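Fold and contact review
One-letter residues, chain by chain:
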Amino acid sequence: MQARTPIHLLSIALSYIILILLVNPMGDFPVNDDWAYARSVLSLVEDGEFHLLDWGAMTLITQVIWGSLWVKLFGFSFEVLRFSTIFLGLVALAGCYHLRLSLGGKTWMATTGTLVLMVNPLFLVLSSSFMTDVPFLALSTWSAYWLLRAIDSDSVTHVFPGLCLAIAAILLRQIALALPLAFLLGYAARYNRVMSVRRLFVCVTPLLTGFAIFTAYIRWLRINDNLPHAMVWSQERLYTNFLGLFDTEYADLAFYLGSAGSMLLYLGLFALPLLVI
């Protein structure tokens, strides 16, 4: 069954290409908020300066560097930036497929799950833009794949690629700090009865490294007066909402229950195709 993996990946890739052709991503125009990210790319390519607009709340530097590489090769246009994301959409699908296999799923299960992701309206639309969602998915999926292999094998060699991809994801969207945190919890749960100094080091290093790099990056932005107001606002809101978890007022409880219900609703709708199995 595993020997047929290349055939399944090829079928997924061809299906994705067909869908992209049907979407027809041509046109030198922005989609959603990607005009702001394109401005940062243009600033880096033309002026050699990394500049973030106040519009975005994410770390973004990975996105800007990735887009700049494509612009240097093919010139600047929204089409070029869009195709850079389309390519990462394919990378994300491959990551989803291999992650499902690493979790013990059969080939047909991995293929079906990947196809469900591929036809997700949000994934398909965002793949044809320069938004950060699909690049973040590609990085985080492959990071999770390598970190999961590190937990299963207890191998430092598997931690390194997972950590590098996690850092790239953190420098794209700060929520990727959840990746090394999840690794810490999973690794500690797996080896808690046979924990050693080496394993403790392996366990905490990814999270400490990711947090240190994120903190240094924010400090660098602040020193250079390049910290977007939207990023400051989102961090303050996150801190306020976290404190709200300990608030006993009914209004706050209703807010969190409503948010959880909305997430479950979206998850159910996106997983609906799996009911045909």
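Structural data are supplied above this passage.
Below, the discussion takes up the overall build of the protein chain. Broken down by element type, the protein chain carries 12 helices and zero strands. The 277 residues of the protein chain split such that 40% are buried. The long-range share in the protein chain, meaning contacts at least 24 apart out of those at least 6 apart in sequence, stands at 71%. Carbon together with sulfur atoms contributes 71% to the accessible area of the protein chain, which is approximately 15500 Å² in total.

What follows covers a nonpolar patch on the surface. Taken together, the side chains of Leu10, Leu14, Ile17 and Leu21 define a hydrophobic patch exposed on the protein surface, amounting to about 410 Å² of accessible area. With respect to the element layout, Leu10 can be found in helix H1 (residues 5–23). Overall, Leu10 belongs to the exposed group, its relative accessible area being 52%.

Summarising the element assignment, Thr85 is placed in helix H4 (residues 78–102). By relative accessible area, which is 1% here, Thr85 ends up buried. Residues within four places of Thr85 in sequence aside, it is in contact with Tyr16, Leu126, Ser127, Ser129, Phe130, Met131, Val134 and Pro135.

So, on to empty space enclosed by the protein. If you walk through the whole model with that rule in mind, you get one cavity of 30 Å³ or more. Approximately 60 Å³ is the volume found for the largest cavity. What lines the largest cavity is simply Ala36, Tyr37, Ser40, Leu52, Leu53, Gly56, Ala57, Met58, Leu60 and Pro228. Grouping the constituent residues of the lining of the largest cavity by class yields eight nonpolar, two polar and no charged.

Here we come to unusual backbone geometry. With phi around 75 degrees, Leu60 is a residue other than glycine that occupies positive phi space. Note on placement: Leu60 falls in the loop between helix H2 (34–47) and helix H3 (61–74). By relative accessible area, which is 4% here, Leu60 ends up buried. Phi is positive for Asp154, which is not a glycine, with a value near 55 degrees. Structurally, Asp154 can be placed in the loop between helix H7 (133–153) and helix H8 (156–170).

A word on the environment of Phe87. Following the sequence through the fold, Phe87 ends up in helix H4. The spacing of Phe87 and Ile17 is 70 residues in sequence and 9.9 Å in space, taken between C-alpha atoms. Not counting residues within four places of it along the chain, the set of residues in contact with Phe87 comprises Trp66 and Trp70.

Time to look at the packing of helix H9 (residues 178–191) against helix H10 (residues 197–223). Relative to each other, H9 and H10 sit at 160 degrees, their axes nearing to 7 Å. Classified by the interaxial angle, the pair formed by H9 and H10 is roughly antiparallel. Once H9 is placed against H10, the crossing between them reads as left-handed. Facing H9, whose interface residues are Pro180, Leu181, Phe183, Leu184, Tyr187, Ala188 and Tyr191, H10 presents Arg198, Arg199, Val202, Cys203, Val204, Pro206 and Leu207. For the contact of H9 with H10, the class distribution of residues is 12 nonpolar, no polar and two charged.

This paragraph deals with the pattern of salt bridges. Within the structure shown, the criterion is met by four salt bridges. A salt bridge links Arg198 to Asp154; its shortest N-O distance comes to 2.9 Å. Residue Arg198 is found in helix H10, and its partner Asp154 is found in the loop between H7 and H8; the two are separated by 44 residues along the sequence. Arg198 sits in the partly exposed class, given a relative accessible area of 40%. A salt bridge links Asp154 to Arg199; the shortest N-O distance between them is 2.8 Å. Here the residue Asp154 occupies a position in the loop between H7 and H8, and Arg199 occupies one in helix H10, the gap between them amounting to 45 residues. In this structure, Asp154 and Arg199 share a single accessibility class: buried.

The rules behind these values
- Residues numbered from 1 in each chain as written.
- Predicted model: local features only at pLDDT ≥ 70, side-chain atom pairs only at ≥ 80, totals over all residues.
- Heavy atoms only, no water.
- Helix = DSSP H or I, 4+ residues; strand = E, 2+ residues; numbered from the N terminus.
- Buried < 20%, exposed > 50% of the residue type's maximum accessible area, 1.4 Å probe, protein only.
- Contact = heavy atoms within 4.5 Å.
- Areas by Shrake-Rupley, 256 points an atom, 1.4 Å probe, with all protein chains shown as cover.
- Patch = residues over 30% accessible without salt bridge, like charges linked within 9 Å, V, L, I, M, F, W, Y side chains within 5 Å.
- Salt bridge = Lys/Arg side-chain N within 4 Å of Asp/Glu carboxyl O.
- 1 Å grid on protein atoms, 1.4 Å probe; cavity = no way out; pocket = protein on both sides within 12 Å on 5 of 7 lines; lining within 4 Å.
- Points joined across faces, edges and corners; volume = space filled by probe spheres on them.
- Nonpolar A, V, L, I, M, F, W, Y, C, P; charged D, E, K, R; others polar.
- Axes fitted to C-alpha atoms, helices over the stretch in contact; angles between N-to-C directions.
- Parallel < 35°, antiparallel > 145°, perpendicular 65-115°, else oblique.
- Left-handed = near helix turned anticlockwise from the far one by under 90°.

No statement about biological role is implied by the geometric values presented.
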